[in-house]
Amino acid sequence: MEVGIGSQYDFTNAVRKPVVCGVASQDTDHQFILGSTIESIAWHKSDIIKNDVPAVTVPQDDAAIETVRLRAVERNVLVSVTEPLSVRKYRLGIPTNVMFNSTQD
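Residues numbered from 1 in each chain as written. Predicted model: local features only at pLDDT ≥ 70, side-chain atom pairs only at ≥ 80, totals over all residues. Heavy atoms only, no water.

**Observations regarding the overall build of the chain**
Assigned secondary structure in the chain consists of four helices and three strands. Secondary structure elements in the chain, listed N-terminal to C-terminal, are β-α-α-β-α-β-α. Taking all 105 residues of the chain together, 36% fall into the buried category. Approximately 6800 Å² of the chain is accessible, and the part contributed by carbon and sulfur atoms is 56%. (Helix = DSSP H or I, 4+ residues; strand = E, 2+ residues; numbered from the N terminus. Buried < 20%, exposed > 50% of the residue type's maximum accessible area, 1.4 Å probe, protein only. Areas by Shrake-Rupley, 256 points an atom, 1.4 Å probe, with all protein chains shown as cover.)

**Describing the nonpolar core**
Counting 12 residues, the largest nonpolar core is built from Cys21, Val23, Ala42, Ile48, Ile49, Val53, Ala55, Ala64, Val68, Ala72, Val77 and Val79. At the level of secondary structure, the elements contributing two or more residues to this core comprise strand E1 (21-23) and helix H3 (62-74). The element contributing the most residues to this core is H3, with three residues. If near-sequence neighbours (up to four positions away) are discounted, Val53 is found in contact with Lys17, Pro18, Val19, Val20, Cys21 and Val77. (Core = buried A, V, L, I, M, F, W, Y, C linked by side-chain atoms within 4.5 Å. Contact = heavy atoms within 4.5 Å.)

**Quick word on a negative patch on the surface**
Side chains of Glu39, Asp61, Asp62 and Glu66 sit close together on the surface and give a patch of like negative charge. For Asp61, the position within the fold is in the loop between strand E2 (55-57) and H3. (Patch = residues over 30% accessible without salt bridge, like charges linked within 9 Å, V, L, I, M, F, W, Y side chains within 5 Å. Salt bridge = Lys/Arg side-chain N within 4 Å of Asp/Glu carboxyl O. Lys, Arg positive; Asp, Glu negative; His and termini not counted. Charge placed at Lys NZ, Arg CZ, Asp CG, Glu CD.)

**Some points on the sheet that holds strand E3 (residues 79-81)**
With parallel pairing, three strands are arranged side by side in an open sheet as E1-E2-E3. The open sheet has two edge strands with one neighbour each: E1 and E3. Between one strand axis and the next, the sheet turns by 25 degrees as a mean value, whatever way the strands run. Pairing between E2 and E3: three bridges, direction parallel. (Pairing = 2+ DSSP bridges. Axes fitted to C-alpha atoms, helices over the stretch in contact; angles between N-to-C directions.)

**Remarks on the environment of His30**
Here His30 lies in the loop between E1 and helix H1 (31-34). For His30, the contacting residues outside a window of four places in its chain are Ile5, Gly35 and Lys45.

**Concerning the environment of Arg69**
Position of Arg69 relative to the elements: it lies in helix H3. Separated by 10 residues in the primary sequence, Arg69 and Val79 place their C-alpha atoms 6.3 Å from one another.

**A word on the confidence of the model for the chain**
Within the chain, residue pLDDT values average 79, and 75% of them lie at 70 or more. Looking at the elements of the chain, mean pLDDT is at its lowest for helix H4 (residues 97-102), recorded as 49, and at its highest for H3, recorded as 94. (pLDDT = per-residue confidence, 0-100.)

**Examining unusual backbone geometry**
A positive phi angle is found at Asp52, which is not glycine, with a value near 60 degrees. Secondary-structure assignment places Asp52 in the loop between helix H2 (38-45) and E2. Given a relative accessible area of 48%, Asp52 falls into the partly exposed group. Here the phi dihedral of Asn76 falls at roughly 60 degrees; this positive angle occurs in a residue that is not glycine. Within the secondary structure, Asn76 sits in the loop between H3 and E3. Residue classification places Asn76 among the exposed positions, given a relative accessible area of 60%.

Shown next as structure tokens:
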């Protein structure tokens, strides 16, 4: 579940102890809020990781993945890197490429 920009400003932060936290692949969207570099964006988006809650991410830019891992260490979490979800066989709530692209490299 992601509501908003998927970072420290995301509304899902109201959930204090989720079952798992996921960090999608990083891109240069939301630069006006999260910063102009992949590292800055990854740092902000990784704030969705909660203390002692398992976290997953997908393969991505080395700088982004290192930033995600560092943020996870701050929260006593080991991040698992998994392959992106193949959503072509699932019906998504938003009938556009927006959700599909959010789950791919």
